[in-house]
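For reference, the chains in residue letters:
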Amino acid sequence: MSFQSASFLFFFFPAVFLLYAILPGIRWKNRLLLLAGLVFYAFGRWQDLPVLLLSAAANYAAGFFIAAGRRKKAVLVLALAANLGTLGAYKYLSFLTGGAAAGLVPPMGISFFTFKGMSYVIDIYRGGQAAGRFSDAVLYLSFFPQVGSGPIARFGQFAPQLAERGAGPERVARGLRRFAAGMGKKLLISALAATVADSAFSLGSGLDIRMAWLGAAAYTIQLYFDFSGYSDMAIGLAAVFGFDTPENFHYPLAAVSITDFWRRWHISLSSWFRDYLYIPLGGGRCGRRRKALNKAVVFLLCGLWHGAGWTFLLWGAWHAIFSALESLGVVDCGRLGRTRPGRVLCHLYTLAAVCLGFVIFRAADPGQALEFFRVLFTGFRPAAASSLALAQISPAAWCALLAGAVGSLPLGPRLRSWACGLGETPRRWLTACSFAGAAALFALCLMAAAGGSFQPFIYAQF
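Residues numbered from 1 in each chain as written. Predicted model: local features only at pLDDT ≥ 70, side-chain atom pairs only at ≥ 80, totals over all residues. Heavy atoms only, no water.

**What to know about the overall build of the protein chain**
Along the protein chain, the regular secondary structure elements total 21 helices and zero strands. Radius of gyration (C-alpha) of the protein chain: 23 Å, near the 23 Å computed for a compact globule of 462 residues. Here the C-alpha coordinates of the protein chain stretch approximately 65 × 55 × 50 Å along the principal axes. Across the 462 residues that make up the protein chain, the buried fraction comes to 49%. Considering only contacts within the protein chain whose residues lie at least 6 apart along the sequence, 76% involve residues at least 24 apart. As displayed, the protein chain offers around 21,400 Å² of accessible surface, 68% of which is attributable to carbon and sulfur atoms. (Helix = DSSP H or I, 4+ residues; strand = E, 2+ residues; numbered from the N terminus. Rg over C-alpha atoms; globule rule 2.2 N^0.38 Å. Buried < 20%, exposed > 50% of the residue type's maximum accessible area, 1.4 Å probe, protein only. Contact = heavy atoms within 4.5 Å. Areas by Shrake-Rupley, 256 points an atom, 1.4 Å probe, with all protein chains shown as cover.)

Rendered as structure tokens:
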């Protein structure tokens, strides 16, 4: 069940919301959310539900023994091995055995709930809070706004809200507004950018430099607005039920270095790798070379986290190289960024590196990625297929690409800062207009969904 599907929008969510509003007491509300999460998860493939429940049971039991002080390190190692073993069996066994285990289909969101489970036991080992009840651990892993594609919230952030959380009409309205904004990102920008990207990556020998660069830019916009749109919808849905969710994106395409990009892109994942891998490896405390090596390890594993394939591994290596160059001082965006021209140069360098990296990420195999790169820099002779593809791009797709380019800039914080300087009455009018705009955007999204084919979220495959 996807957030933009009719079954979710017109049946599942209204039913859960109405029951949530009617039920008395936070304990009954939590029970409803637990049941809703299990139903939501089982709706896609009910056969995957036991994997989620077993993950919750194993991590809850490990957390119980660690909190009790019973062979803490041994239990932690066993829990991490179980989590990584499950993840490896479903996602990488087929790749490692050359397709011999191709029938093993990864459960929805296994990369996300497995990482949540590992953070749960590691945090308890470090002195964090354990779940008081097994149902709390299950709700943490199966919370339906996050179970499919994150954000990867920590239990220490989630647990206090199980006992007490804010509620009220204004919070619900703001959550629905955030949900509508994310839905607009997905259906009105990402889906249309996808038509351009798919066209470019399907041209083969008919690809020239024009469609190559346009396709690379279109896929960058597609991926960013697809995943940030999902995150906005997840954050908005959680807010409707009173939960605060960590932000997952902060205008990453406005970054001025690869390091800065990863502080802004998929924040919950990059902070997970920082806290549970990069810092334990030594972080940046052991000199530049060790720092560069630690980052390289993190990015290679980050690439593999996305999937078992050479393109994901090469994408991780691509970011590892640029991150290492920055750590070693070969690319010093900190010094260059002190001047306006230098900051512009750093931004262009980062944007180019990210965009080219996503070519590797999108390619079907390393061969296609290499051919795409060749055309990007040498395909100056116009190809008839590319000319036809350019002519077939719809005005709506061009508008979506333009909206994506503008929307990737940090204009929102500037508008909010400007609005804060206005009087109370103008702010109220602006707030009312924003809610009205969200309602109109939602209606437009419904029309787009009715008139187009269903497109799942890209990160749902992870």
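**Some details on empty space enclosed by the protein**
A full pass over the atoms with the stated rule returns one cavity of 30 Å³ or more. Taken together, Ala 56, Asn 59, Tyr 60, Gly 117, Tyr 120, Ala 137, Tyr 140, Leu 141 and Phe 155 make up the full set of residues lining the largest cavity. Looking at the lining of the largest cavity, the elements that each hand over two or more residues are helix H3 (49-67), helix H6 (110-125) and helix H7 (134-142). The class makeup of the residues in the lining of the largest cavity is seven nonpolar, two polar and no charged. (1 Å grid on protein atoms, 1.4 Å probe; cavity = no way out; pocket = protein on both sides within 12 Å on 5 of 7 lines; lining within 4 Å. Points joined across faces, edges and corners; volume = space filled by probe spheres on them. Nonpolar A, V, L, I, M, F, W, Y, C, P; charged D, E, K, R; others polar.)

**Overview of the packing of aromatic side chains**
Counted by the stated rule, this structure contains 55 aromatic pairs. With a centroid separation of 5.1 Å and an interplanar angle of 15 degrees, the aromatic rings of Phe 158 and Phe 243 are classed as stacked. Remark: Phe 243 occurs in the loop between helix H10 (209-240) and helix H11 (258-264) and Phe 158 occurs in helix H8 (residues 155-163); sequence separation between them is 85 residues. Each member of the pair, Phe 158 as well as Phe 243, is classed as buried. The side chain of Lys 116 reaches across the aromatic face of Tyr 140, ending 4.6 Å from its centre. Between Lys 186 and the ring centre of Phe 457, over which it is positioned, the NZ or CZ distance is 5.1 Å. (Phe/Tyr/Trp six-rings, centres within 6.5 Å; stacked < 30°, edge-to-face > 60°. Lys NZ or Arg CZ within 6 Å of the ring centre and 35° of its normal.)

**Regarding the pattern of salt bridges**
For side chains of opposite charge, pairing can occur when their charged atoms come near one another. Going through the model one piece at a time under the given rule, you end up with 15 salt bridges. Of the charged contacts, one joins Arg 154 and Asp 275 as a salt bridge, the two residues approaching to 3.1 Å between their closest N and O atoms. Taken together, the residues span a long stretch of sequence, with Arg 154 in the loop between H7 and H8 and Asp 275 in helix H12 (residues 267-278) at a distance of 121 residues. Across this residue pair, the class does not change: Arg 154 and Asp 275 are buried. Arg 374 is the partner of Glu 371 in a salt bridge, and the nearest nitrogen-oxygen pair spans 2.6 Å. Within this pair, Glu 371 and its partner Arg 374 are both found in helix H17 (residues 366-378), separated by three residues, close to a single helical turn. Overall, Arg 374 belongs to the partly exposed group, its relative accessible area being 43%. One salt-bridge network, held together by shared partners, links Arg 178, Lys 185, Asp 232 and Glu 247. (Salt bridge = Lys/Arg side-chain N within 4 Å of Asp/Glu carboxyl O.)

**Details of the confidence of the model for the protein chain**
Mean pLDDT over the protein chain stands at 91; residues scoring 70 or higher make up 98%. The least confident element of the protein chain, judged by mean pLDDT, is helix H5 (residues 93-96) at 73; the most confident is H10 at 97. (pLDDT = per-residue confidence, 0-100.)

**Looking at the layout of surface pockets**
The computed volume of the largest pocket comes to approximately 1,800 Å³. Lining of the largest pocket is provided by 45 residues; of these, Arg 177, Ala 181, Tyr 251, Gly 412 and Arg 416 occupy positions nearest its centre. Among the secondary structure elements, those contributing two or more residues to the lining of the largest pocket are helix H9 (169-201), H10, helix H19 (395-407), helix H20 (411-420) and helix H21 (424-451). By residue number, the principal contributor to the lining of the largest pocket is H9, which donates 10 residues. Split by residue class, the lining of the largest pocket holds 22 nonpolar, 13 polar and 10 charged. Each pocket or cavity is described by its volume, and for the second largest pocket that value is around 750 Å³. Considering the residues around the second largest pocket, the lining is formed by 28 residues, among which Thr 259, Trp 262, Arg 263, Lys 295 and Ser 323 are closest to the centre.

**Here we look at the nonpolar core**
Among the nonpolar cores identified, the biggest contains 129 residues, and Phe 3, Phe 8 and Phe 144 are the most heavily contacted of them. Broken down by element, the residue count for this core peaks at 17 residues, all from H10. When near neighbours in sequence (up to four residues on either side) are disregarded, Phe 3 contacts Phe 8, Leu 9, Phe 40, Phe 144, Pro 145, Phe 179, Tyr 230, Met 233, Ala 234, Leu 237 and Phe 457. (Core = buried A, V, L, I, M, F, W, Y, C linked by side-chain atoms within 4.5 Å.)

**Looking at the packing of H9 against H19**
Between H9 and H19, the least distance of the axes is 8 Å, while the angle of their chain directions is 120 degrees. With respect to H19, the axis of H9 lies oblique. Here H9 runs over H19; the crossing is left-handed. Counting all contacts with H9, which are made through Leu 188, Ile 189, Leu 192, Ala 193, Thr 195 and Val 196, the residues of H19 involved are Ala 396, Ala 397, Ala 400, Leu 401, Ala 403 and Gly 404. Each residue belonging to the contact of H9 with H19 can be placed in one class, and the counts come to 10 nonpolar, two polar and no charged. (Axes fitted to C-alpha atoms, helices over the stretch in contact; angles between N-to-C directions. Parallel < 35°, antiparallel > 145°, perpendicular 65-115°, else oblique. Left-handed = near helix turned anticlockwise from the far one by under 90°.)

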